[in-house]
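Examining the three-dimensional arrangement
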Amino acid sequence: MTERIIERLNEASGAWFDGTLVERRRTPFQLLEVYDTPELGRIFRLDGYNMTSERDEFFYHENLVHPAAVAHPAPRRALVIGGGDGGSAEELLKHATMERVHMAELDPEVIAIAKASFGKVHRGAFDDPRLEVTVGDGLAYLRTTAARYDLVAMDLTDPVGPSEALYAPATFALAKGAMAEGAALVLHLGSPFSHPARVRRTLASLREVFRVVAPYFVHIPLYGSIWGFACASDTLDPRGLDPAEADRRLAARGVGDLQYYNGETHRAVFALPNYVRQLVA
């Protein structure tokens, strides 16, 4: 039976897709749902929010990972907090310089569903020997690890309810403690149009911890809005990388099969409309 799948941006607006329920299960942590849709292929949802889809996952995962990864001269170790669908790990593993990607995912059922139903998102990343998966609390891992990473990607649900604390300065400070010299933290911010207070608050929290905070914005079809990201570091600023050098690094590292990201989009996503400039100032 076809259902209308609603992605609510706030109390007054949202987007919808028609789809057919494939699977629904309640874990100790959250409600997981999988739908088949004519528009976006298979969709994965957590607690009633769209997380990823087969057809548009590259809008999110490529832009979460590559602006910082390409700006880094030679990323070798990366940490993904969350990201159990495997999409972020798959993008990181495209870089020939990458020796180890560590995923810390809270819910093992997310990984199980990804492996069973979302091969078009992770594209076999779970079989790559460079990927190490830890099931458990990512913050607990940050508190105890002695490893240092060139890139830390927080690939988490929206900062709503219990997840709000994950976007606080204390969490960003924990991430910074696991970062090597010259490293960067990347994460998503939400919609500057539908979540302006959230975007402003998260950027302010990042600026309490990091010297360089570079916000950028991309339209995500699944989320029904333009969507914000940020790269945070004490030294790395992706805004200084010109398109020709970004393309040269992609070629040198053998990064292929990109549907969104290239040197020109690298420059473009950091070009902010005036209303966004005012929001992030």
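Refer to the structure presented above.
What comes next concerns the included structure. (Residues numbered from 1 in each chain as written. Predicted model: local features only at pLDDT ≥ 70, side-chain atom pairs only at ≥ 80, totals over all residues. Heavy atoms only, no water.)

When its secondary structure is counted, the protein chain shows ten helices and twelve strands. With the principal axes as the frame, the protein chain shows a C-alpha extent of 50 × 45 × 35 Å. For the protein chain, buried positions account for 57% of its 281 residues. For the protein chain, contacts bridging at least 24 residues in sequence account for 64% of all contacts bridging at least 6. Of the roughly 11,800 Å² of accessible surface on the protein chain, 52% is carried by carbon and sulfur atoms. Charged side chains of the protein chain number 30 positive and 37 negative; the gap between the two group centres comes to 4 Å. (Helix = DSSP H or I, 4+ residues; strand = E, 2+ residues; numbered from the N terminus. Buried < 20%, exposed > 50% of the residue type's maximum accessible area, 1.4 Å probe, protein only. Contact = heavy atoms within 4.5 Å. Areas by Shrake-Rupley, 256 points an atom, 1.4 Å probe, with all protein chains shown as cover. Lys, Arg positive; Asp, Glu negative; His and termini not counted. Charge placed at Lys NZ, Arg CZ, Asp CG, Glu CD.)

Time to look at the side chain of Gln30. For Gln30, the position within the fold is in the loop between strand E2 (14-26) and strand E3 (31-37). Engagement of the side chain of Gln30 in a polar contact is seen with the side chain of Asp107, the distance being 2.9 Å. For Gln30, the residues in contact, after removing those within four places along its chain, are Arg25, Leu46, Asp47, Asp107 and Val110. (Polar contact = N/O pair within 3.5 Å; in protein donor to acceptor, adjacent residues only side chain to side chain.)

Spatially, the five strands line up as an open sheet ordered E1-E2-E3-E4-E5, and their pairing is antiparallel. The strands lining the two open edges of the sheet, one partner per strand, are strand E1 (2-8) and strand E5 (49-53). Each neighbouring strand pair of the sheet contributes to a mean axis angle of 45 degrees, computed without reference to strand direction. Where strand E4 (residues 41-46) meets E5, four bridges bridge the pair, whose relative direction is antiparallel. When the bridges of E5 are listed, Arg45 appears paired with Asn50. (Pairing = 2+ DSSP bridges. Axes fitted to C-alpha atoms, helices over the stretch in contact; angles between N-to-C directions.)

Now for the layout of surface pockets. In this model, the largest pocket occupies a volume close to 860 Å³. Along the walls of the largest pocket sit 37 residues, with Gln30, Leu46, Leu156, Thr157 and Ser163 positioned nearest its centre. For the lining of the largest pocket, the class distribution of residues is 17 nonpolar, twelve polar and eight charged. (1 Å grid on protein atoms, 1.4 Å probe; cavity = no way out; pocket = protein on both sides within 12 Å on 5 of 7 lines; lining within 4 Å. Points joined across faces, edges and corners; volume = space filled by probe spheres on them. Nonpolar A, V, L, I, M, F, W, Y, C, P; charged D, E, K, R; others polar.)

Next up on the list: the pairing of strand E11 (residues 212-220). In regular strands, side chains alternate between the two faces of the sheet. For E11, the tally of buried residues reaches eight of nine residues, placing the bulk of the element in the interior. Relative to strand E12 (residues 225-233), E11 runs antiparallel, the two being bridged by nine bridges. Bridging across to E12, Val218 finds its partner in Trp227. Count of turn residues in the E11/E12 antiparallel hairpin: four residues, of which Gly224 carries a positive phi of about 70 degrees.

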